[in-house]
Amino acid sequence: MKKSDRIDKADSSGSDNDTASPVVTRGRYARSSATPKKTRRRKRSAEEAREESIAAARSLLLEGGPGAVTVSNVGKRVGMSHGNVLHHFGSAAGLQASLMGAMVDDLADALESAVVQIRDDPNAQRSVIEQVFEAFDTGGAGQLAAWIVLARDFEHLEPIRNAVQSLVKAFAEKIPEPEAEERVKGVVLTIAIAAFGDAVIGPHLREMLDLQDDEMRKLTTHMLPFLIAMPR
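Keep in mind the model is a prediction, meaning the values are calculated, not measured.

### Quick notes on the overall build of the chain
Here's step 1: Secondary structure summary: the chain contains 11 helices and 0 strands in total.
Here's step 2: A burial count over the chain gives 32% of its 232 residues as buried.
Here's step 3: Counted over contacts in the chain with a minimum sequence separation of 6, partners at least 24 positions apart contribute 67%.
Here's step 4: Surface summary for the chain: the accessible area is close to 15,000 Å², and the carbon and sulfur share equals 53%.

Here is the structure:
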């Protein structure tokens, strides 16, 4: 190798010159000199930071399951450092608990909305079933319920209790028969379990059986009158 070649090679390395322009190597092992884009960080209030972090955590849960809900992943999604996320939630468990609480509140709101619809519209059975199925599916309640069960964090389900009981009463008001409330409890149980199963394993089973996406919703709607009329 000529001396001039060695000098040129040393100069191109830029190891001793911090201000040198980045060199783009050509050939098989070429690498881009561009700096990777990072999510831009910005100032936000504590409330905004918590809300955005919980929204990001919800998206991560729906996209990748409970294992995807980490402090690091949430920080990357919202443009916050690991330490800042911990500052607002205390720990990874605190972040996950906040997510569970927010999603449980959303499920309770969806059930309360179903109660209002039943009381306002005597023929609202199909739309109520749609609301419950949507809450478990796109609302993420199915993934949430599976996570709570696996984590044994059953206390997070407590806020749903009043909403479920209100749903039973609203249904029972539409059935002018003795022991209507006891019958409706079985109906609500059936709808909830069907919606949960459809959200968690339904897509895979429907694909195996070559069924439409709304198959379980239609079946539940058709079964509803028989479940209400069925003697106990």
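### Considering the nonpolar core
Here's step 1: L99, L167 and F171 are the most contacted members of the largest nonpolar core, which totals 54 residues.
Here's step 2: Contributing elements (two or more residues each) for this core: α2 (46-64), α3 (71-78), α4 (82-89), α5 (92-120), α6 (125-136), α7 (141-151), α8 (160-173) and α9 (180-200).
Here's step 3: Among the elements that take part in this core, α5 stands out by supplying 12 residues, more than any other.

### Quick word on α9
Here's step 1: Taking 1.5 Å of rise per residue, 21 residues should cover 30 Å, and α9 covers 30 Å from first to last C-alpha, within 8% of that figure.
Here's step 2: Within α9, the full set of buried residues consists of A180, R183, V184, V187, V188, I191, A194, A195, D198 and A199. All buried residues of α9 fall inside an arc of 140 degrees around its axis, so they share one side. Exposed and oriented more than 90 degrees from the buried face of α9 are L189 and I193.

### Brief notes about the side chain of S98
Here's step 1: Secondary-structure assignment places S98 in helix α5.
Here's step 2: You can call S98 buried: its relative accessible area is 19%.
Here's step 3: Polar contacts involving the side chain of S98 include one to the side chain of R50, which spans 3.3 Å.
Here's step 4: Those residues in contact with S98 that sit more than four places away from it in its chain are R50, I54 and F89.

### Observations concerning a nonpolar patch on the surface
Here's step 1: Side chains of V200, I201, L205, M208, L209 and L211 sit close together on the surface and give an oily, nonpolar patch of about 550 Å² of accessible area.
Here's step 2: Broken down by element, the residue count for the nonpolar patch peaks at 3 residues, all from helix α10 (residues 202-209).
Here's step 3: If you trace the backbone, L209 turns up in helix α10.
Here's step 4: Given the relative accessible area of 59%, L209 is considered exposed.

### Describing the packing of α6 against α9
Here's step 1: Between α6 and α9, the shortest axis-to-axis distance is 8 Å and the interhelical angle comes to 40 degrees. Between α6 and α9, the angle is such that the two are oblique. Crossing of α6 over α9 shows right-handed handedness. Residues I129, V132, F133 and F136 of α6 form the contact with α9, whose own contacting residues are I191, A192, A194, A195, F196, D198 and A199.
Here's step 2: Residue composition of the contact of α6 with α9, by class: 10 nonpolar, no polar and 1 charged.

### Here's the deal with the pattern of salt bridges
Here's step 1: As enumerated under the stated definition, the model contains 9 salt bridges in all.
Here's step 2: Across the salt bridge formed by E134 and R217, the nearest N and O atoms sit 2.9 Å from each other. Note that E134 is positioned in helix α6 and R217 in helix α11 (residues 215-229), a separation of 83 residues in sequence.
Here's step 3: The partly exposed category is assigned to E134, whose relative accessible area is 33%.
Here's step 4: Note that R206 and D198 form a salt bridge whose closest N and O atoms lie 2.6 Å from each other.
Here's step 5: For D198, a relative accessible area of 10% corresponds to the buried category.

What counts and what doesn't
Residue positions within a chain follow its written sequence, with the count starting from 1. In keeping with the predicted nature of the model, local features appear solely for residues at pLDDT of at least 70, side-chain atom pairs appear and are counted solely at 80 or more, and the whole-chain, interface and lining totals rest on all residues. Calculation of side-chain values draws on the structure's entire complement of heavy atoms; hydrogens and water are dropped beforehand. Here a helix means four or more residues in a row that DSSP labels H or I, a strand means two or more in a row labelled E, and each is numbered from the N terminus. Accessibility here uses a 1.4 Å probe with only protein chains present; expressed as a share of the type maximum, an area under 20% marks a residue as buried, one over 50% as exposed, and anything in between as partly exposed. For this analysis, residues touch if any pair of their heavy atoms sits within 4.5 Å. Calculation of accessible area relied on Shrake-Rupley with a 1.4 Å probe; when residues are assessed, cover is drawn exclusively from the protein chains displayed. By nonpolar core we mean a set of buried residues, namely Ala, Val, Leu, Ile, Met, Phe, Trp, Tyr and Cys, connected to one another through side-chain atoms within 4.5 Å. To estimate the expected span of a helix, count its residues, drop one, and scale the result by 1.5 Å. In this description, one arc is meant: the one made by directions from the helix axis to the C-beta atoms. For this analysis, a polar contact is any N or O atom pair within 3.5 Å, provided that within protein one partner can donate a hydrogen and the other can accept it, and provided that sequence-adjacent residues contribute only side-chain to side-chain pairs. Only residues above 30% relative accessible area that lack a salt bridge enter a patch, with like-charged residues linked at up to 9 Å and the nonpolar side chains Val, Leu, Ile, Met, Phe, Trp and Tyr linked at up to 5 Å. Salt bridges, as used here, are contacts in which a Lys or Arg side-chain nitrogen is within 4 Å of a carboxyl oxygen on Asp or Glu. Axes here mean lines fitted to C-alpha atoms, for a helix over just the part in contact, with angles spanning 0 to 180 degrees between N-to-C directions. Here is the rule for angles: anything less than 35 degrees is roughly parallel, anything more than 145 is roughly antiparallel, 65 through 115 is roughly perpendicular, and the remaining ranges are oblique. By the definition used in this description, the sense in which the near helix is turned from the far one sets the handedness, with an anticlockwise turn below a right angle giving left-handed and a clockwise turn giving right-handed. In this count, Pro and Cys sit with the nonpolar residues alongside Ala, Val, Leu, Ile, Met, Phe, Trp and Tyr, while Asp, Glu, Lys and Arg are called charged and the others, Gly among them, polar.

Everything listed here is a matter of geometry and, on its own, says nothing about what the molecule does.
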